[in-house]
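# Tertiary structure, described
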Amino acid sequence: MDSGERIDETAVSRWTPSTVYPDMWVDPDDDPRESEGETVDERGTLLDSLRYFRLTIEMKCAGLDAEQMARRSVPPSTMSLLGLVRHMAEDERHFRRMAGQDSPRIYRTTEDRDGDWNGALADPAVVEDAWRRWRAERELTDRFVAGFADLGTRTGEAQLRELLVAQIAEYARHCGHADLLRERVDGRVGQ
């Protein structure tokens, strides 16, 4: 950073609505990611983990307007919560591409490999489109996975279980980013 460049360091106070633990997003009893049922098999465990991290992305973006969703982390990064939603829509498609399905890219192009991040503009229509596409891609992935009884089935480049684990890892990694992005936007801490 040269001496003339400044980073916006607007003071944001940390906060949480949690009354049990001051460093948690919500009280444990109010966490919608926790399921009542016990997962007893591999498929249930993997799908519950994927559901958990997808829901975490939604939670981290809840209640934000278009400007807040598009707010960038710190220079030179183009990362934002909106970009993250767009990126995960692309990743849902990538999952199916790795499984051998034809799933053209949504935002990325040959000219702009970071189109999912770069196109994350503070426009309500862009935010609405990102959520709509992400939810549609999730549904397609879920239907694809449901079509196989055996997670050991080789689809495209890998076994279905390997693809699920890779998808879970991608969500988990980006949930960490979402924690920091949200805290930078309005001070709400993650868990």
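Residues numbered from 1 in each chain as written. Predicted model: local features only at pLDDT ≥ 70, side-chain atom pairs only at ≥ 80, totals over all residues. Heavy atoms only, no water.

For the rest of this paragraph, the subject is helix α3 (residues 81-98). Its 18 residues place the ends of α3 25 Å apart at the C-alpha level, agreeing with the 26 Å of an ideal helix rising 1.5 Å per residue. Within α3, 16 of the 18 residues are buried, leaving the element largely enclosed by the surrounding structure. A positive phi of about 95 degrees marks Gly100, the residue just after α3. (Helix = DSSP H or I, 4+ residues; strand = E, 2+ residues; numbered from the N terminus. Expected span 1.5 Å × (residues − 1). Buried < 20%, exposed > 50% of the residue type's maximum accessible area, 1.4 Å probe, protein only.)

Our focus in this paragraph is the pattern of salt bridges. Scanning all chains against the criterion turns up 16 salt bridges. The salt bridge involving Asp91 is made with Arg108; its shortest N-O contact spans 3.7 Å. Taken as a pair, Asp91 in helix α3 and Arg108 in the loop between α3 and α4 (115-118) lie far apart in primary sequence, 17 residues in all. Like Arg108, Asp91 is buried. We note a salt bridge from Asp116 to Arg108, for which the minimum N-O separation is 3.0 Å. For the pair Asp116 and Arg108, a shared accessibility class is recorded, and that class is buried. Overlapping salt bridges bring together Arg54, Glu92 and Asp142 as one network. (Salt bridge = Lys/Arg side-chain N within 4 Å of Asp/Glu carboxyl O.)

Now for the packing of helix α5 (residues 124-146) against helix α6 (residues 160-186). Running from N to C, α5 and α6 cross one another at 155 degrees; their axes reach a closest spacing of 12 Å. If you check the angle between α5 and α6, you find them roughly antiparallel. The interaxial crossing formed by α5 with α6 has left-handed handedness. In contact with Trp134, Arg138, Phe144 and Val145 of α5, α6 contributes Leu160, Leu164 and Tyr171. Partitioned by chemical class, the residues of the contact of α5 with α6 number six nonpolar, no polar and one charged. (Axes fitted to C-alpha atoms, helices over the stretch in contact; angles between N-to-C directions. Parallel < 35°, antiparallel > 145°, perpendicular 65-115°, else oblique. Left-handed = near helix turned anticlockwise from the far one by under 90°. Contact = heavy atoms within 4.5 Å. Nonpolar A, V, L, I, M, F, W, Y, C, P; charged D, E, K, R; others polar.)

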